[in-house]
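Coordinate analysis (summary)
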Amino acid sequence: MRSTRAPASPPGPPGGAQARRLSFEDQSGVVPMARDFTRQALYDWGWLPAATADRRAAAEDVLLVVSELVTNACLHAEGPDLLTITCDRKVIRLEVTDRGTGQPSPRTPHRAGRPGGHGMFIVQRLCLDWGVLRTPDVAGKTVWAELGTPS
């Protein structure tokens, strides 16, 4: 596992923007790797251990969204290349970069009882916003999602 960290920030709750990056180059087991990496960032940034049920639920939502974005890159692209997590006082932003050409979207109509196809519906429901970034003349895309930080 290769990762890079932005310059160190003070411990505890986010005071300024903080960032972590995880490269998936030549890696297997990327979904649990992404969750473990994200969980460690949440510990480092003071989200975990959670003091309240609301804070615990916020951390679990972040871990679930990371799992869904990385899983989608595995299923619908050539796998993820990079996970970037940034956090400030109000928002945590998750970005998964892959080489896929597809356009993620929630399956409509959503049928809760049908197996599979729930990933982007979950992302849409849990996040403040989400979207896709593409760079002209560069293969692939970055799927991003933003969640509110716990109060």
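Attention in this report is confined to the structure presented alongside it. The shown structure was predicted, so the numbers you read here are calculated from the model rather than taken from an experiment. For every chain, the first residue of the written sequence is number 1, and numbering continues from 1 onward in sequence order. Confidence filtering applies because this is a predicted model: local features only for residues at pLDDT of at least 70, side-chain atom pairs given and counted only at 80 or more, and all residues used for totals across whole chains, interfaces and linings. Hydrogens and water are ignored here; the side-chain numbers use all heavy atoms of the structure.

**Comments concerning the pairing of strand β4 (residues 91-98)**
For clarity, the cut-off: In this description, strands pair whenever DSSP reports at least two bridges between them. Secondary structure elements are defined from DSSP: runs of H or I of at least 4 residues count as helices, runs of E of at least 2 residues count as strands, and each element is numbered from the N terminus.
Sheet topology places strand β3 (residues 80-87) next to β4; 7 bridges connect them, and they run antiparallel. Residue pairing for β4: Leu83 is matched across the bridge by Val96. Between β3 and β4, which pair antiparallel and follow one another directly, the connecting turn spans 3 residues. For β4 and strand β6 (residues 141-148), the ladder comprises 8 bridges, and the chain directions are antiparallel. Its bridge partner being in β6, Val96 is matched across the sheet by Val143.

**Examining helix α3 (residues 119-126)**
Convention followed: A simple rule labels every residue: compare its accessible area, found with a 1.4 Å probe on the protein chains alone, to the largest value its type can have, and call it buried under 20%, exposed over 50%, or partly exposed in between. Think of the arc as the fan of directions from the helix axis to the C-beta atoms. Only heavy atoms matter for contacts: two residues are in contact if any of them lie within 4.5 Å across the pair.
Taken together, the buried positions of α3 are occupied by Gly119, Met120 and Val123. Axial view of α3: buried residues confined to an arc of 90°, hence all on one face. Close packing links the buried residues of α3 with α2 (53-76), β5 (129-133) and β6.

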